[in-house]
Amino acid sequence: MRFIDAVTTDYEYQGFWGSFGDIIWWFLWMFVFIAYLFVLFAIISDLFRDHKLNGWFKALWIIFLLFLPFLTALVYLIARGRGMGERSQAQAKQLQAAQAEYIKSVTGGAAGTSPTEEIAKAKSLLDSGAITQAEFDSLKAKALS
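Below: a short report on this structure. Note that the coordinates shown come from a computational prediction; the quantities given were computed from them, not determined experimentally. (Residues numbered from 1 in each chain as written. Predicted model: local features only at pLDDT ≥ 70, side-chain atom pairs only at ≥ 80, totals over all residues. Heavy atoms only, no water.)

## Concerning the overall build of the protein chain
We apply this condition: Per the convention used, a helix needs a DSSP run of H or I reaching at least four residues, while a strand needs a run of E reaching at least two, with both numbered from the N terminus. Each residue gets one of three labels from its accessible area relative to the maximum for its type: buried under 20%, exposed over 50%, partly exposed in between, using a 1.4 Å probe on protein chains only. Pairs of residues are marked as contacts when any of their non-hydrogen atoms sit within 4.5 Å. Using the Shrake-Rupley algorithm and a 1.4 Å probe, accessible areas are obtained, with residue cover drawn only from the displayed protein chains.
Counting its secondary structure elements, the protein chain contains six helices and zero strands. Listing the helices and strands of the protein chain from first to last along the sequence gives α-α-α-α-α-α. Taking all 145 residues of the protein chain together, the buried fraction comes to 17%. Put simply, 39% of the contacts in the protein chain that link residues at least 6 apart link residues at least 24 apart. Split by element, the accessible area of the protein chain, about 11,700 Å² in all, is 68% carbon and sulfur.

This is the structure:
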């Protein structure tokens, strides 16, 4: 058998499940596509999160993302990546502060107080006559549990 005959054998496509290499390539390309979608959505959300950037420049970035998607995404990540991280971090801090404020308003300010502070507040209410001894005992048991 000649070498050229060994190399140019007739390969018949076996379908999607016919070749393990085809499956690996398919999964690789799906991973790349999904990663690109994540990057694209991160860039678009960052564009709308940035209040310093003019609306025309935002529209220009979107247009370039439509017509030159991979190159524009790469340029955006290189040119504005640091600011992108800072804006994301600022938004996360803002959301965390809003959540903490909401929790504090719902729990009546009891979140973050120690049991000794709660017992001291209950004792001052007992001393002022606002609550009875039974109510003080229940508040004390609740604080200690």
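## Here we look at the nonpolar core
Rule in force here: What makes a nonpolar core is a set of buried Ala, Val, Leu, Ile, Met, Phe, Trp, Tyr and Cys residues whose side-chain atoms join them at distances within 4.5 Å.
Counting 10 residues, the largest nonpolar core is built from Tyr36, Leu40, Ile43, Leu47, Leu53, Trp61, Leu65, Ala73, Tyr76 and Met84. Counting residues per element, the ones that place at least two in this core are helix H2 (20-49), helix H3 (55-67) and helix H4 (69-107). With four residues, the single largest contributor to this core is H2.

## Remarks on the packing of H2 against H3
Stated precisely, the cut-off is as follows: Axis definition: a line fitted to C-alpha atoms, over the contacting stretch in the case of helices. Angles run 0 to 180 degrees between N-to-C directions. To sort the angles, those under 35 degrees are grouped as roughly parallel, those over 145 as roughly antiparallel, those from 65 to 115 as roughly perpendicular, and the leftovers as oblique. By definition, turning the near helix anticlockwise from the far helix through less than a right angle yields a left-handed crossing, and turning it clockwise yields a right-handed one.
Packing of H2 against H3 leaves a shortest axis separation of 10 Å and a crossing angle of 165°. When the axes of H2 and H3 are compared, the pair comes out roughly antiparallel. Relative to H3, H2 is oriented so that their crossing is left-handed. Residue-level contacts link Tyr36, Leu40, Ile43, Ile44, Leu47 and Phe48 of H2 to Lys58, Trp61, Ile62 and Leu65 of H3.

## As for the pattern of salt bridges
Convention followed: Any carboxyl oxygen of Asp or Glu that lies within 4 Å of a side-chain nitrogen of Lys or Arg is treated as forming a salt bridge with it.
Tallied over the full model, the rule gives five salt bridges. Residue aspartate 50 is joined to arginine 80 by a salt bridge in which the shortest nitrogen-to-oxygen separation is 2.4 Å. Here the residue aspartate 50 occupies a position in the loop between H2 and H3, and arginine 80 occupies one in helix H4, the gap between them amounting to 30 residues. Classification of aspartate 50 as buried rests on a relative accessible area of 5%. Connected through shared salt-bridge partners, Asp46, Arg49, Asp50, Arg80 and Arg87 make up one network.

## What to know about the side chain of lysine 58
Cut-off, in case you're wondering: Residues scored as positive are Lys and Arg, those scored as negative are Asp and Glu, and His as well as the terminal groups of each chain are ignored. Nitrogen and oxygen atoms within 3.5 Å of one another constitute a polar contact, given that in protein one can donate a hydrogen and the other can accept it, and given that sequence-neighbouring residues count only through two side-chain atoms.
Mapped onto the elements of the fold, lysine 58 is located in helix H3. Buried charged residue lysine 58 carries no salt bridge. Nearest counter-charge: aspartate 50, at 6.5 Å. Here leucine 47 takes part through its backbone oxygen, which lies 3.4 Å from a polar atom of the side chain of lysine 58. In this structure, lysine 58 is in contact with Leu47, Phe48, Asp50 and Leu53, ignoring residues within four places of it in sequence.

## Remarks on a nonpolar patch on the surface
Counted only if it meets this: The patches described consist of residues with a relative accessible area above 30% and no salt bridge, like charges being joined within 9 Å and nonpolar side chains (Val, Leu, Ile, Met, Phe, Trp, Tyr) within 5 Å.
Taken together, the side chains of Phe57, Leu60, Ile63, Phe64, Leu66, Phe67, Leu68, Leu71 and Val75 make up a nonpolar region of the molecular surface, amounting to roughly 920 Å² of accessible area. Only H3 and H4 provide two or more residues apiece to the nonpolar patch. Considering each element in turn, the nonpolar patch owes the most residues, six residues, to H3. Structurally, leucine 68 can be placed in the loop between H3 and H4. For leucine 68, a relative accessible area of 42% puts it in the partly exposed group.

## Some remarks on the packing of aromatic side chains
Two descriptors summarise a pair of aromatic rings, namely the distance from one centre to the other and the angle between the planes of the rings. Rule in force here: Only the six-membered ring of Trp is used, alongside the rings of Phe and Tyr, when aromatic pairs are assigned; centres must lie within 6.5 Å, and planes under 30 degrees apart are stacked while those over 60 apart are edge-to-face, with the rest tilted.
Counted according to the given criterion, the structure contains three aromatic pairs. For the ring pair tyrosine 36 and phenylalanine 70, a centre distance of 4.7 Å and an interplane angle of 50° mean the geometry is tilted. Residue tyrosine 36 is located in helix H2, and its partner phenylalanine 70 is located in helix H4; the two are separated by 34 residues in the primary sequence.

Read these as layout, nothing more, since geometry by itself doesn't imply function.
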